[in-house]
Amino acid sequence: MSTTARRVRVEGRVQGVFFRDSCRAEADARGVAGWVTNEPDGSVSVHLEGDEAAVAEVVAWCHEGPRHARVARVDESEAPLQGLTGFEVR
């Protein structure tokens, strides 16, 4: 199992549509650790770490988001591992 960490920034209609809680559920279902938070500019930032394939699945989900979200742009980059356990909505 290869462990990786990714930072994702999601723009569009992504606040007030249960994006953070839905992201937590997606990460929990795949055993991915990290956090998700709303940003002042209306975007959402996500830090993911865990099995490379599982992290990739959560990143792919971020391109769609929950039902009422309208994702306009997703920026993704490598991030340093923080050794997190569990997933937190901040």
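Residues numbered from 1 in each chain as written. Predicted model: local features only at pLDDT ≥ 70, side-chain atom pairs only at ≥ 80, totals over all residues. Heavy atoms only, no water.

## Some points on the packing of aromatic side chains
- Here the structure, examined in full by the defined rule, presents one aromatic pair.
- Taking 5.0 Å as the distance between ring centres and 50° as the angle between the ring planes, the aromatic pair formed by Phe19 and Trp61 counts as tilted. In this pair, Phe19 sits in helix α1 (residues 19-30) while Trp61 sits in helix α2 (residues 52-62), placing the two residues 42 residues apart along the sequence. Of the two residues, Phe19 and Trp61, both sit in the buried class. (Phe/Tyr/Trp six-rings, centres within 6.5 Å; stacked < 30°, edge-to-face > 60°. Helix = DSSP H or I, 4+ residues; strand = E, 2+ residues; numbered from the N terminus. Buried < 20%, exposed > 50% of the residue type's maximum accessible area, 1.4 Å probe, protein only.)

## Considering the pairing of strand β1 (residues 3-13)
- As defined by bridge partners, β1 adjoins strand β3 (residues 44-51) across eight bridges and the pair is classed as antiparallel. What sits directly across from Ala5, in β3, is Glu49.
- For β1 and strand β4 (residues 70-78), the ladder comprises eight bridges, and the chain directions are antiparallel. Paired with Glu11 across the two strands is Arg73, which belongs to β4. (Pairing = 2+ DSSP bridges.)

## A look at the pattern of salt bridges
- A complete count under the given rule lists nine salt bridges for this structure.
- The partner of Arg9 in a salt bridge is Glu11, and the shortest N-O contact between them spans 2.2 Å.
- Arg9 gets classed as partly exposed once you look at its relative accessible area, which sits at 28%.
- Across the salt bridge formed by Arg30 and Glu57, the nearest N and O atoms sit 2.8 Å from each other. Taken together, the residues span a long stretch of sequence, with Arg30 in helix α1 and Glu57 in helix α2 at a distance of 27 residues.
- What makes Arg30 partly exposed here is its relative accessible area of 31%.
- With relative accessibility at 42%, the residue Glu57 sits in the partly exposed group.
- Among the ionic contacts, a cluster of salt bridges with common partners joins Arg9, Glu11 and Asp41. (Salt bridge = Lys/Arg side-chain N within 4 Å of Asp/Glu carboxyl O.)

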